[in-house]
Amino acid sequence: MTIAVSLLAAVLGLVVGYVARRLVAEARIASAEAQARKIKEDALREAEARRREALLEAKEDTLRLRNELERESRERRAELQKVERRLFQKEEQLDRKLAALEVREQDLAKHQADLERVQREVAELKHRQLAELERISGMTAEEARQALLARAEEEVSQEVARVIREAEFKAREEAERRSRMIMADAIQRCSADHTAELTVSVVQLPSDEMKGRIIGREGRNIRTLETLTGINLIIDDTPEAVILSGFDPIRREVARVALEHLIADGRIHPARIEEAVSRAQREIEQRIREEGEQACFQLGVNGMHPELVKLLGRLKFRHSYGQNVLKHSIEVALLAGTMAAELGADAQVARRAGLIHDIGKAVDHQQEGTHVQIGIDLARKYKEDPAVIHAFACHHGDHEPETVEAFLVSAADAISASRPGARRETLEAYIRRLEKLEAIATSFEGVEKAYAIQAGREIRVMVKPDRLDDLAAVRLARDISKKIQSELTYPGQIKVTVIRETRAVEYAR
């Protein structure tokens, strides 16, 4: 019974619990459905509100766009109206211009017709005038044209000659004034001393007794000295003097120094002579280096190869036409450098080229060729500047000058060589040069006489007045000067003076 009651109670509890849970579940479902319906209704209301807002915004955008489109269309219509008005105005202007052009074309056609008519009349009149002129002058048109051309050519030739003469006169005056100023300034700054030495040297003796000691027993001393130096000793009746004769100036200087040492020492014998000659050679070599270095230092020439410096020093003992070559080279360098500085050229190149322009004379008795070519080869061998080589390579006309420095070195060389007392010239060469100068002048047609004056610095030419006029005399002077330049070698410059004289003589009786 108890178990039955317990089971019944349990069943009842289960039933009651089930019913209670179902009721609770149904209540919850009903609540959830109600909540869902509410959410749905809220969502529908919100969606409707948003739809209405979107529709309103769309309407507003549509209205705004419509207003903008209407405004743009109004602006475009206004612009189109303006363009139409401008086009209409331009069309009216073009119509007016076309009308004016038509009127102008008609006027031009009328003028063209009038012009053609006038041209026909002018051509007819010209033909009649030419025929009348030919009848009056007795010349055809071609003959008259030739006569006019000949006359015009003569007038033009005279005018050209006159202009050439005036231009040459002005240019010559200006060039002469400027060149004199530059050369005078250059020469004024350069005051090199020159000495004229011959191919002999004289050694003074303390007494005539010394001559016997120099000759030695059976002439052994003098033979030894001549053999070692290559110089001839002339011992004659000249009191207290011995003459050294030789072509090589350096050997002659070595012999002179050695002989002076022997005379001062008093011991003269072959062994002592060998020592004295060896000592003199060392002294001369030292002097040669010092002379070359002194020349470079004096001119401010740096970086020259030691062998070229040594060759410069050898020029101290070399003479040309009685002019010391080293002194001449220094003078040419100073003149060329000064003139280059005045003209704005490279003064350093001009000085360097002027200093070594005669460097070939230091060894010209040892090598074949002219001293210019020898100097060029030496400069190239010792890596001298090509501009310097070209500048001194042209100083004797062996090469065509291409730089201002080349012209200046040639001019400086001519100035140094042609100044009074610089060089000596043999009488025969001097006479031959004057005769050649006069022969060149008299070779031209119309020349009556020619005289070389002022030691060949000027040539005066007398012409026949009935053969040449004044303008032809100007051309003759220029032609003579050109022929002298091409055929004659001379220092400095030669003045050509052409004289044309006409005399009228009458006697009163």
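**Q** Tell me what's going on with unusual backbone geometry, and back it up with residues and numbers.
**A** The phi torsion at glutamate 218 lies on the positive side, around 55 degrees, for a residue other than glycine. For glutamate 218, the position within the fold is in the loop between α3 (209-215) and α4 (220-229). The exposed category is assigned to glutamate 218, whose relative accessible area is 73%. Although it is not a glycine, lysine 383 adopts a positive phi angle of roughly 60 degrees. You can see lysine 383 is positioned in the loop between α10 (371-381) and α11 (386-393).

**Q** Outline the confidence of the model for the protein, listing residues and values.
**A** With 90% of its residues at a pLDDT of at least 70, the protein reaches an overall mean of 81. Considering only residues more than four positions removed or in separate chains, one finds that residues 191-198, a stretch of pLDDT under 50, has 18 contacts.

**Q** Describe a nonpolar patch on the surface, and please don't skip the residues or the numbers.
**A** Nonpolar side chains collect at one region of the surface, where Val11, Val15, Tyr18, Val19 and Leu23 lie side by side and expose about 460 Å² of accessible area between them. Its location among the elements puts valine 11 in helix α1 (residues 2-137). Using a relative accessible area of 45% as the deciding quantity, one classes valine 11 as partly exposed.

**Q** Describe the packing of aromatic side chains, naming the residues involved and giving the relevant values.
**A** Think of a pair of aromatic rings as described by two things: how far the centres are apart, and how the planes are tilted against each other in angle. For the structure shown, the criterion picks out 0 aromatic pairs. Taking the ring centre of phenylalanine 444 as reference, the NZ or CZ of lysine 483 above it sits at 5.3 Å.

**Q** Hey, could you go over the nonpolar core for me, with residue numbers and the actual values?
**A** Ranked by size, the top nonpolar core spans 43 residues in total, and within it Met304, Leu312, Leu355, Ile356 and Phe392 carry the most contacts. Looking at this core, the elements that each hand over two or more residues are α6 (270-299), α7 (306-314), α8 (325-343), α9 (347-355), α10, α11 and α12 (404-418). Residues in contact with methionine 304, not counting those within four places in the same chain, are Cys296, Val309, Leu312, Arg352, Leu355 and Ile356. Among the nonpolar cores identified, the runner-up in size contains 26 residues, and Ile214, Val242, Ile250 and Ala255 belong to it.

**Q** Would you mind going over a positive patch on the surface in detail, with residue names and values included?
**A** A contiguous patch of positive charge on the surface is contributed by Lys82, Arg85, Arg86 and Lys90. A residue is classified by how much of its surface remains accessible, and lysine 90, at 52% relative accessible area, is exposed.

**Q** I'd like a description of the pattern of salt bridges, backed by residues and values.
**A** When the charged atoms of two side chains lie near each other, side chains of opposite charge can form a pair. Inspection of every chain in the model, using the stated rule, returns 23 salt bridges. Measuring nitrogen to oxygen at the nearest pair gives 3.8 Å for the salt bridge that ties aspartate 61 to arginine 64. One end of the pair, aspartate 61, and the other, arginine 64, are both in helix α1, 3 residues apart, so they sit about a helical turn from each other. The exposure class of arginine 64 is partly exposed, given its relative accessible area of 41%.

**Q** Before we move on, could you go through α7 and cite the residues and values that matter?
**A** Where α7 is concerned, the buried positions are Leu308, Val309, Leu311, Leu312, Gly313 and Arg314. Elements in contact with the buried residues of α7: α5 (249-265), α6, α8, α9 and α10.

**Q** Can you explain the sheet that holds strand β7 (residues 458-463)? Please cite residues and give values.
**A** Through backbone hydrogen bonds, the strands of a sheet pair up, either in parallel or in antiparallel fashion. The strand order across the open sheet built from 3 strands is β6-β7-β8, with neighbouring strands paired in mixed fashion. Edge positions in the open sheet fall to β6 (447-453) and β8 (495-499), since each of these has one partner strand only. Going from strand to strand, the sheet's axes swing by 20 degrees on average, the running direction of each strand aside. Bridging between β7 and β8 involves 5 bridges; their strand directions are parallel. From the neighbouring strand, arginine 460 faces β8, where its bridge partner is threonine 497.

**Q** Explain the packing of α4 against α6 to me, and be specific about the residues and the numbers.
**A** The interhelical angle for the contact between α4 and α6, taken along N-to-C directions, is 30 degrees, at an axis separation of 10 Å. If you check the angle between α4 and α6, you find them roughly parallel. Remark: the crossing between α4 and α6 carries right-handed chirality. Residues Arg220, Asn221, Thr224, Leu225, Leu228 and Thr229 of α4 form the contact with α6, whose participating residues are Pro270, Ile273, Glu274, Val277 and Gln281. Here the residues of the contact of α4 with α6 are counted per class, giving 5 nonpolar, 4 polar and 2 charged.

The rules behind each value
- Residues numbered from 1 in each chain as written.
- Predicted model: local features only at pLDDT ≥ 70, side-chain atom pairs only at ≥ 80, totals over all residues.
- Heavy atoms only, no water.
- Helix = DSSP H or I, 4+ residues; strand = E, 2+ residues; numbered from the N terminus.
- Buried < 20%, exposed > 50% of the residue type's maximum accessible area, 1.4 Å probe, protein only.
- pLDDT = per-residue confidence, 0-100.
- Contact = heavy atoms within 4.5 Å.
- Patch = residues over 30% accessible without salt bridge, like charges linked within 9 Å, V, L, I, M, F, W, Y side chains within 5 Å.
- Areas by Shrake-Rupley, 256 points an atom, 1.4 Å probe, with all protein chains shown as cover.
- Salt bridge = Lys/Arg side-chain N within 4 Å of Asp/Glu carboxyl O.
- Phe/Tyr/Trp six-rings, centres within 6.5 Å; stacked < 30°, edge-to-face > 60°.
- Lys NZ or Arg CZ within 6 Å of the ring centre and 35° of its normal.
- Core = buried A, V, L, I, M, F, W, Y, C linked by side-chain atoms within 4.5 Å.
- Lys, Arg positive; Asp, Glu negative; His and termini not counted.
- Charge placed at Lys NZ, Arg CZ, Asp CG, Glu CD.
- Pairing = 2+ DSSP bridges.
- Axes fitted to C-alpha atoms, helices over the stretch in contact; angles between N-to-C directions.
- Parallel < 35°, antiparallel > 145°, perpendicular 65-115°, else oblique.
- Left-handed = near helix turned anticlockwise from the far one by under 90°.
- Nonpolar A, V, L, I, M, F, W, Y, C, P; charged D, E, K, R; others polar.

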